[in-house]
Amino acid sequence: MALLGILALLYLGTLLVTEGAGGLVGPSGRRLLSRLRGFPLGLAALLLGAASGSGTGLSLLGRGLLQVGVLPLYEASLLALGGTLGATVLVAVAGLGNRTLAFAALSLALALEVLKRGQGANRLLFGLGLLFLGLDLARGEALGAGAWLGSLSPVALFLAGLLLAFAVGSANLVALLALGLAGEGVGPEGALALVLGGGVGCTGPVLLRPTPESLRLGLVLLFHRLALALPLLFAPNPGIFPAHAGFHALAFLVFPLAFPLWERLADRLAPSPKPLAPKYLRPEALNDPLLAQGLALRELARIGDAARHMLEGVLKALVQETGHEAELLPLEEKVDRLSREVLVYVAKLPQDTPALPLLKAASELEHLADLAKRALRKAERLWTQGVTFSPEGKAELARIVGRTLARLERALTALATGNRALAERVLAEYPEVLAEVEASREAHLRRLRDRVETRASTLTHLDLLLLLEELNLGVNRLARLVEEIHKEG
């Protein structure tokens, strides 16, 4: 039990230091990263890791930027390796502490908390105090686990460190544990094995619920760290912090040389997904503006189909009273990526070509997809609280979503074919839909007066009606664009 208590102190202390230091660094650090590429990006990540005490945060940032296409695999890996190296400074700082410094840091943090001053600084001090206290207890009589841990082989301790770091996402935590265990029954070889295992296992958060891109990033980092750690198991232990920082420094510095090998291996185990690309936007067609406009319209039809499928997902979720925003992410990515491609493509048309209506159509479809995602997000948040809509409320919402979906399909068909009569029909239907939305509000008000349970879902119901109003306005704007785009027809 003492070992678990020590781990809890070190874990909470690490979290608080990361939270406090990250708040002090703020968005200025992220802006610095956005301006750098290549190895300088890794060096900037090293500085931010040292300032924030979190290599995990920067690893996850690299994963996110890789997934949206901002960073390639090489630079996302450098961001993770540099941030993890910089964060090792936390172990050096914690190793200087003792119980007196622990109580001093905790007292100062409590004073700042009472005075409502320095929220970032007091989190940092709380974290340092807990780290100092945890290490002091680990070195004393309270741990009592050094004897049996010392009986384990270096390989077993390596695996223990790997699994612990994989689970909590922190190599620093394992290094801090090794720092406390050193001299308490765990010999130099065992402590080194524990540190190296933690250095490999900290890849865990990148592999949590992986996408194809993040899986490749996690495999590259895991292979690289494991290949370096295994030979070092048989090296002499230079000390806990030198071993911890030295391992991550070596991983960072030799990565540019090793990357081609790990990339090929990752490609074999987790092939890169086929990139989402436009199907009809041919650059050579820009010399023929009429053809280029037609091709842009065909691409807009693909975007419209994806946006329509998102709204269908919302309708299905409302009927079944279950659904997750994450289920719409692939369709949202398709809408966003293709919308950007259409915007860039039509911007290349000659200035005397009426490209603005196409631009407005692409922007409108992206907005409609975003509204559909927001609608499902609000409903999902309600369902996760164990609350559902009343049968009448659910039926009203589903009926309005269904009518909105039908109007969207007609507007998209009119946009693709130039059918002005169909576009006028879409516009003529709007007052009826608006009246139905207003009737749902009035019915909801009556239920709110008569039923206490309706209060739990009232804000979500009304928010969804607002979103449905905005969705139908967007459908109106699409229908009006039919005349602008096909005025020569």
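Residues numbered from 1 in each chain as written. Predicted model: local features only at pLDDT ≥ 70, side-chain atom pairs only at ≥ 80, totals over all residues. Heavy atoms only, no water.

**Student:** An account of the overall build of the chain is requested, with residue identities and associated values reported.
**Tutor:** Of the regular secondary structure elements, the chain holds 20 helices and zero strands. Looking at the chain as a whole, 49% of its 489 residues are labelled buried. For the chain, contacts bridging at least 24 residues in sequence account for 80% of all contacts bridging at least 6. When the accessible surface of the chain is split by element, carbon and sulfur atoms take 63% of a total near 22600 Å². (Helix = DSSP H or I, 4+ residues; strand = E, 2+ residues; numbered from the N terminus. Buried < 20%, exposed > 50% of the residue type's maximum accessible area, 1.4 Å probe, protein only. Contact = heavy atoms within 4.5 Å. Areas by Shrake-Rupley, 256 points an atom, 1.4 Å probe, with all protein chains shown as cover.)

**Student:** Can you break down helix α13 (residues 212-232) residue by residue, with the values?
**Tutor:** Its 21 residues place the ends of α13 31 Å apart at the C-alpha level, agreeing with the 30 Å of an ideal helix rising 1.5 Å per residue. When α13 is considered as a whole, its buried residues turn out to be Ser-214, Arg-216, Leu-217, Gly-218, Leu-219, Val-220, Leu-221, Phe-223, His-224, Arg-225, Leu-228 and Ala-229. (Expected span 1.5 Å × (residues − 1).)

**Student:** Tell me about the pattern of salt bridges, and please be specific about residues and values.
**Tutor:** Considering all chains together, one arrives at 22 salt bridges under this definition. Taking the shortest distance from any N to any O, the salt bridge between Glu-429 and Arg-407 comes out at 3.9 Å. Of the two residues, Glu-429 sits in helix α19 (residues 420-450) while Arg-407 sits in helix α18 (residues 391-417), which places them 22 residues apart along the sequence. Side by side, Glu-429 and Arg-407 carry an identical accessibility label, which is buried. For Glu-438, the salt bridge goes to Arg-441, with nearest N and O atoms at 3.1 Å. With Glu-438 and Arg-441 both in helix α19, this residue pair falls three residues apart, about one helical turn. Here the residues in one salt-bridge network are Arg-399, Arg-403, Glu-432 and Glu-436, joined through shared partners. (Salt bridge = Lys/Arg side-chain N within 4 Å of Asp/Glu carboxyl O.)

**Student:** Explain the packing of aromatic side chains residue by residue, including any values.
**Tutor:** Considering all chains together, one arrives at four aromatic pairs under this definition. Both rings, one in Phe-223 and one in Trp-262, keep their centres 6.3 Å apart while their planes meet at 40°; by these two values the pair is tilted. Here Phe-223 is found in helix α13, whereas its partner Trp-262 is found in helix α14 (residues 240-269), with 39 residues between them in sequence. Each member of the pair Phe-223 and Trp-262 is classed as buried. (Phe/Tyr/Trp six-rings, centres within 6.5 Å; stacked < 30°, edge-to-face > 60°.)

**Student:** Tell me about empty space enclosed by the protein, and please be specific about residues and values.
**Tutor:** This structure, assessed with the given rule, holds three cavities of 30 Å³ or more. Estimates place the volume of the largest cavity at around 70 Å³. Together, Leu-311, Val-314, Leu-318, Ala-375, Leu-397, Val-401, Leu-464, Leu-467, Leu-468 and Leu-471 line the largest cavity. Going through the elements one at a time, α15 (289-320), α18 and α20 (458-485) are the ones with two or more residues in the lining of the largest cavity. (1 Å grid on protein atoms, 1.4 Å probe; cavity = no way out; pocket = protein on both sides within 12 Å on 5 of 7 lines; lining within 4 Å. Points joined across faces, edges and corners; volume = space filled by probe spheres on them.)

**Student:** Explain the environment of Ser-457 to me, using residue names and the numbers behind them.
**Tutor:** Structurally, the position occupied by Ser-457 is in the loop between α19 and α20. C-alpha of Ser-457 to C-alpha of Trp-383: the two residues are 74 residues apart in sequence and 9.6 Å apart in space. Contact partners of Ser-457, with chain neighbours within four places excluded, come to Leu-382, Val-387, Thr-388 and Phe-389.

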